[in-house]
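One-letter residues, chain by chain:
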Amino acid sequence: MQIIARSAFLQKAGNTIDEYEDACWPVDPFDCEVTDFRCAVADGATETSFADVWARLLATNFRPVDTTDLTETLSGLQQIWFEQVNTKPLPWYAAEKLRDGAFSTFLGLTISEDDTDPQSRQWSAIAIGDSCLFHVREDRLVYAFPLDSSELFNSRPFLLSSNPEFNEKAIERLQSSEGAAISGDEFYLMTDALACWFLKDVENDGRPWQTLREFADPDQYENFVEWISQLREAKLIRNDDVTLLHVEMR
Amino acid sequence: MTYTAEISRTNPSCFLFLVDQSGSMKDGFGGDPSKKKADSVADVINRLLQNLVIKCAKSEGVRDYYHVGVIGYGSDVKPILSGSLAGREMVRISELAEQPARIEERTKKVEDGAGGLVAQTIKFPVWLEPTAEGGTPMCRSLATAETILTNWISEHKASFPPIVINLTDGESTDGDPTAAADEIRQLSTDDGQVLLFNIHLSSQQSAAIEFPDNDAGLPDQYAKLLFKISSQLPGYMAGIAKEEGFGVSENSRGFVFNADMVSLISFLDIGTRPGNLR
């Protein structure tokens, strides 16, 4: 199957790009014939330490795993996180915060060809927190995961932690879903600010994927930035990091 | 809509603590002599400031989402941060981070992951030292707060409104504080009026009255006065209080009468939890 994936992202207004704390994978435009494809987005919790590092580790290292293996997989990433952030003596407040660890949402999607029938494709996704996946087919939203209403976004979603002590409840709350995919299907992955806007638009009979499909084109990046700024000014979207990953399957 | 401004480095918010340092603060909570109210209050505020610093700490340093002032009133009315911040009426959170008066090291027993306990050294920064001497010049302290906030607001018109938290264990000794309190509550930013919360620290063994929405259940004129000069909790804060298990209504005020330590800690936590901190 051919997969075309493109991303667009923008840091919160008032922050520099270094202060962007979401992550997505792949970052660069992807256009290949593959039998399996993996992608992810993650949203680092801003009040936590080095959340950007943690979000990036989660997104770039996503592999489909059984929930039983998840603790072990996470443990490897937690170790890497700690080594990456603990490189120099820290002031008292940073040392305290490091001890608590970094937190992030996570949404991972896998699309695979069926071994026995290459025309048949399956998708599966895992999610923790409020980063969302929207499955669009023939100009209709067919599925929203894990949240399907703009009312469901609040400021305290469950998050994966770089500190193993805090993950027990989070892992229990991990959600998974799967389904069949056909050629022409599109998957939109995004972090909460854009996801909430998306669902509000759908609830008002809009087709937000039409707008996002265009803005995922890297040549449209300046227009994307302008459009997000306008949404923020009009208070139609919360001021937060925005991350969009558009995946088209042919 | 009020109390919705985003707290950011360009539009920081501010907390101003007014701390009763009168002689009676030498007594314990609810008459319990084992720890003086003054010591407990200093401890709780130091921990609160520590948590605020940590909340604002990022990889590159501490982001100035907040400005903080601590004014003591007892034998005098003056700023009471100590160390190199002494005499400062309002400081940025990054200054608190960089300049604690001292850092205490305390050991905490934590689990070692193998069924045992191991001693871990934790650093406790200290900015406030306890004092308990003199009367309770609450009117003067509120007037000082009003001046400080008028200046602050003139430079931060778009910010989330300042929150004043008055911690006291007794009646004002320099007159009725109503007028001075009203002056503070009249101040506003574009996002709403300054909030004045009052917490009365108990000297008796009776139950705390927390976030009342009317003064009917309050035991005396003094409690009713403090209720009258307390602002209503903004919606998001009432939501936090509810989540923490407090019975609050839409008219609940930021006021606790006869608070013990636990009440004090919850009250300060709720009063300083950000509604919209990014």
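Scroll up to find the structure.
Notes on the structure in this doc start here. (Residues numbered from 1 in each chain as written. Chains lettered and ligands numbered in written order. Predicted model: local features only at pLDDT ≥ 70, side-chain atom pairs only at ≥ 80, totals over all residues. Heavy atoms only, no water.)

## Details of the overall build of chain B
In step 1: Looking only at helices and strands, one finds 7 helices and 14 strands in chain B.
In step 2: For a compact globule of 278 residues, the expected C-alpha radius of gyration is about 19 Å, and chain B comes in at 18 Å, within 12% of that figure.
In step 3: With the C-alpha coordinates aligned to their principal axes, the bounding extent of chain B is approximately 55 × 45 × 35 Å.
In step 4: Counting all 278 residues of chain B, 55% fall into the buried class.
In step 5: Intrachain contacts of chain B at a sequence separation of at least 6 include 77% that bridge at least 24 residues.
In step 6: Accessible area of chain B: about 11400 Å², with a carbon and sulfur share of 47%.
In step 7: Each charge class in chain B can be summarised by its mean position, and for the 26 positive and 37 negative side chains these summaries are 5 Å apart. (Helix = DSSP H or I, 4+ residues; strand = E, 2+ residues; numbered from the N terminus. Rg over C-alpha atoms; globule rule 2.2 N^0.38 Å. Buried < 20%, exposed > 50% of the residue type's maximum accessible area, 1.4 Å probe, protein only. Contact = heavy atoms within 4.5 Å. Areas by Shrake-Rupley, 256 points an atom, 1.4 Å probe, with all protein chains shown as cover. Lys, Arg positive; Asp, Glu negative; His and termini not counted. Charge placed at Lys NZ, Arg CZ, Asp CG, Glu CD.)

## Details of the packing of helix α1 (residues 37–56) of chain B against helix α7 (residues 261–272) of chain B
All names here are of chain B.
In step 1: Their axes nearest at 11 Å, the elements α1 and α7 cross at an angle of 30°. Looking at the two axes, α1 sits roughly parallel to α7. For the crossing formed where α1 meets α7, the hand is right-handed. From α1, Ser 40, Val 41, Val 44, Leu 48 and Leu 52 reach across to α7, where they touch Met 261, Leu 264, Ile 265, Leu 268 and Thr 272.
In step 2: Along the lines of polarity and charge, the residues of the contact of α1 with α7 split into 8 nonpolar, 2 polar and no charged. (Axes fitted to C-alpha atoms, helices over the stretch in contact; angles between N-to-C directions. Parallel < 35°, antiparallel > 145°, perpendicular 65-115°, else oblique. Left-handed = near helix turned anticlockwise from the far one by under 90°. Nonpolar A, V, L, I, M, F, W, Y, C, P; charged D, E, K, R; others polar.)

## A word on unusual backbone geometry
Residues and elements named next belong to chain A.
In step 1: A cis amide bond links Trp 25 to the next residue, Pro 26, at an omega of 0°.
In step 2: Within the secondary structure, Pro 26 is located in the loop between β2 (22–25) and β3 (30–33).
In step 3: Although it is not a glycine, Phe 50 adopts a positive phi angle of roughly 50°.
In step 4: Topologically, Phe 50 is positioned in the loop between β4 (36–44) and α1 (51–60).

## A word on the interface of chain A and chain B
The figure often quoted for interface size is the accessible area lost as the parts come together.
In step 1: Contact residues are listed per partner, giving 18 residues for chain A and 27 residues for chain B.
In step 2: The contact between chain A and chain B buries some 2000 Å² in all, and 44% of this surface belongs to carbon and sulfur atoms.
In step 3: Scanning the region where chain A abuts chain B turns up 4 salt bridges.
In step 4: The partner of Arg 9 of chain B in a salt bridge is Glu 19 of chain A, and the shortest N-O contact between them spans 3.1 Å.
In step 5: Where chain A packs against chain B, one counts 10 residue pairs in polar contact (both at pLDDT 80 or more). (Buried area = accessible area lost by both parts, 1.4 Å probe. Salt bridge = Lys/Arg side-chain N within 4 Å of Asp/Glu carboxyl O. Polar contact = N/O pair within 3.5 Å; in protein donor to acceptor, adjacent residues only side chain to side chain.)

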